[in-house]
Amino acid sequence: MKNILVIGVGPHARRNHLPGLLAGQRAGLVGTVTGVDIPGAAEAIAQFNKAFEGQDIPVAFIDPFDSSRKTLPHSVRETLDSLVGQCAIDAVVISTEPSFHMVYTHWALDHELDVLLDKPLSVHTNCSVDPDRAAEILTDFDEVLAHYDRVREKRPETLVTVQCQRRYHPAFLTMRRLVAEVAAETNCPVTSIQSFHSDGQWRMPNELVDISYHSFDLGYGKCAHSGYHFFDIVPWLLQAGETVGKSLDAVEVHANVTRPGDFLAQLDIGDYERLFPEFAATNPYSESELLEHTEDFGEIDAFVSMAYKSGGRTMTLGSINLVHNGFSQRASVAPVHANLYKGNGRVRHESHIIEQGPFQAIHYHSLQTLGDGSSHRDPDEVGDAEHIEVHVFRNSNFNGRWKKCETLGFDALAADAASHGERVKPTQSASRRRAIQEFLEYINGKRIREQMASELTSHRRSSRLMAGAYLSAARQRSGAFPTAALDFRAQADGRHAPPQDACADAAHDLLDVSL
């Protein structure tokens, strides 16, 4: 059994990672679980331990530090180094605020520890407003991959895997197989893909300033909060349609975003006072104060368009549209949960539309009516917390063996997953648990590297899409050329060389002309 160190025991870890690790203990895969967090998390951790009767996860506390650091402060490193020795740590789960992901991953690799890294791979303070900070997301991947390779030369079994649960989700596994089937028969890649996600997170204007968890105050927002899941799953689906001579090697990314100032124009303070009579008594800020406080905040919504290329030709057009400010079931000024992470009327709507030339179209829809945390479970009712459908259309006139239309619901997707040996329900929560279980199986010698669905080496394209979205948004804000053109090879030749942005010179030229 392996001893696990969890760095960052916040709401996400308490909801997902810790229950998964405790299940691993019951399955004989996990020995001890030790947490690390800042002192402000002590009360919430105590409540978690109380909720899981009989469990007592010890937590070591470290002092907060600046996320821009490339190495850990001496006192923090001393604490972590000591825990590795005293607790005989074998592996690390990193679930901190994402701008700290890289510094902790490098520390763990220094100790040749296996790592389960929460998404996104990395992000930087103010990357939504500063192009230089956005560009650092590109170099992060190359730097950590180079470090990973050096460690594996000494300890080949070392693993870094990224928790992106859609790679484990039966619906996405089914869609990937469908794309691969048609590509094998026709040599046609995915020619367009549209992805949409809304989590219905309605924040009151004062909460933009006063609540920092999963907020916008660090100069980034939706693209980093849950956006990485989509920057990851889209190239993962596209890859199934790539064939010899039609591999994607470049991408152009253009992002349009709304920021808090736009959000406050869509519904202004006067609107809130009319909608909620109690609002004026709870909001301490004038509209001008809110605008001043949030001037450099990150994006609330982002609509990102892509042109995926091969040999200079556009193979696939795509969009990833990410919304915080969408349909919600919140109806009160006061939040039910102070951190707004789950509950508070948050409602998930997600869709993907895949076109494979004239041969195939796939529509995925996961639509809730009730907020997260609802106890309502009827997977056949549209708008239920577990409602999911995949509609598959194939050109049956071209190929008589194909069904012209097929709908796969909850039960059909579960059965399809079971038929392929993937015994997991088609829900996000079950897929997250599967990701944790896979990691635990690997570090216990029950799974080989080639069976890992989300190893670090497969995230080059994902990290570049997210960097491209932030490069575009930040450039647009500064008046520079807004399109980011990036190398999009799955594994670049000389992959540790500094990444190049093909649009950088053109952007500077256009900016000079405008000045």
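Quick caveat, the model's predicted, so the values are computed rather than measured. (Residues numbered from 1 in each chain as written. Predicted model: local features only at pLDDT ≥ 70, side-chain atom pairs only at ≥ 80, totals over all residues. Heavy atoms only, no water.)

### Comments concerning the pairing of strand β10 (residues 313–323)
Moving on, step 1. Where strand β7 (residues 192–198) meets β10, seven bridges bridge the pair, whose relative direction is parallel. What sits directly across from Ser198, in β10, is Val323.
Moving on, step 2. Two elements, strand β9 (residues 301–310) and β10, share 10 bridges in a ladder whose sense is antiparallel. Within β10, the residue paired with Ala307 across the bridge is Leu317.
Moving on, step 3. Turn length for the β9-β10 hairpin, with the two strands adjacent in sequence and antiparallel, is two residues, and the turn residue Gly311 shows positive phi of about 60 degrees. (Pairing = 2+ DSSP bridges. Helix = DSSP H or I, 4+ residues; strand = E, 2+ residues; numbered from the N terminus.)

### With respect to helix α6 (residues 170–186)
Moving on, step 1. Taking 1.5 Å of rise per residue, 17 residues should cover 24 Å, and α6 covers 24 Å from first to last C-alpha, within 8% of that figure.
Moving on, step 2. Those residues of α6 not exposed but buried are Pro170, Ala171, Phe172, Leu173, Thr174, Met175, Leu178, Val179, Val182, Ala183 and Thr186.
Moving on, step 3. Following α6 by one or two positions, Asn187 has its phi on the positive side, about 65 degrees. (Expected span 1.5 Å × (residues − 1). Buried < 20%, exposed > 50% of the residue type's maximum accessible area, 1.4 Å probe, protein only.)

### Observations concerning the side chain of Asn206
Moving on, step 1. If you trace the backbone, Asn206 turns up in helix α7 (residues 205–210).
Moving on, step 2. Sequence-distant contacts of Asn206, defined by excluding residues within four places in its chain, comprise Phe279, Thr282, Asn283, Pro284, Tyr285 and Leu290. (Contact = heavy atoms within 4.5 Å.)

### What to know about the confidence of the model for the chain
Moving on, step 1. For the chain, mean pLDDT is 89; residues scoring 70 or higher make up 90% of the total.
Moving on, step 2. Scored below 50 in pLDDT, residues 373–377 shows seven contacts in the model against residues more than four places distant or in partner chains.
Moving on, step 3. Here residues 494–515 scores under 50 on pLDDT; set against residues more than four positions off or in separate chains, the count is 30 contacts. (pLDDT = per-residue confidence, 0-100.)

### Things to note about the sheet that holds strand β5 (residues 114–118)
Moving on, step 1. Here we have six strands laid out as an open sheet, ordered β3-β2-β1-β4-β5-β6, and parallel in their pairing. Only two strands of the sheet have a single partner each, and these edge strands are β3 (59–61) and β6 (160–163). Ignoring which end each strand starts from, the neighbouring axes of this sheet average 20 degrees apart.
Moving on, step 2. Pairing analysis gives three bridges linking strand β2 (residues 30–37) to β3, with the strands arranged parallel. Across the sheet, Gly35 pairs through a bridge with Val59, a residue of β3. (Axes fitted to C-alpha atoms, helices over the stretch in contact; angles between N-to-C directions.)

### Description of the sheet that holds strand β11 (residues 349–356)
Moving on, step 1. What the nine strands build is an open sheet, ordered β14-β13-β12-β11-β7-β10-β9-β8-β15; its pairing is mixed. Strands with a single pairing partner mark the edges of an open sheet, and in this sheet they are β14 (405–408) and β15 (484–487). Neighbour-to-neighbour, the strand axes of the sheet open up by a mean angle of 15 degrees, direction not taken into account.
Moving on, step 2. As judged from the nine bridges shared by strand β8 (residues 250–258) and β9, these two strands associate in the antiparallel manner. Residue pairing for β9: Ala250 is matched across the bridge by Lys309.
Moving on, step 3. Sheet strands in contact with α6 are β11, β12 (360–367), β13 (389–394) and β14, and its direction is about 175 degrees off that of β12.
Moving on, step 4. Sheet strands touched by helix α9 (residues 228–239): β7, β9, β10 and β11. Its angle to β10, the strand with the most contacts, is close to 150 degrees.

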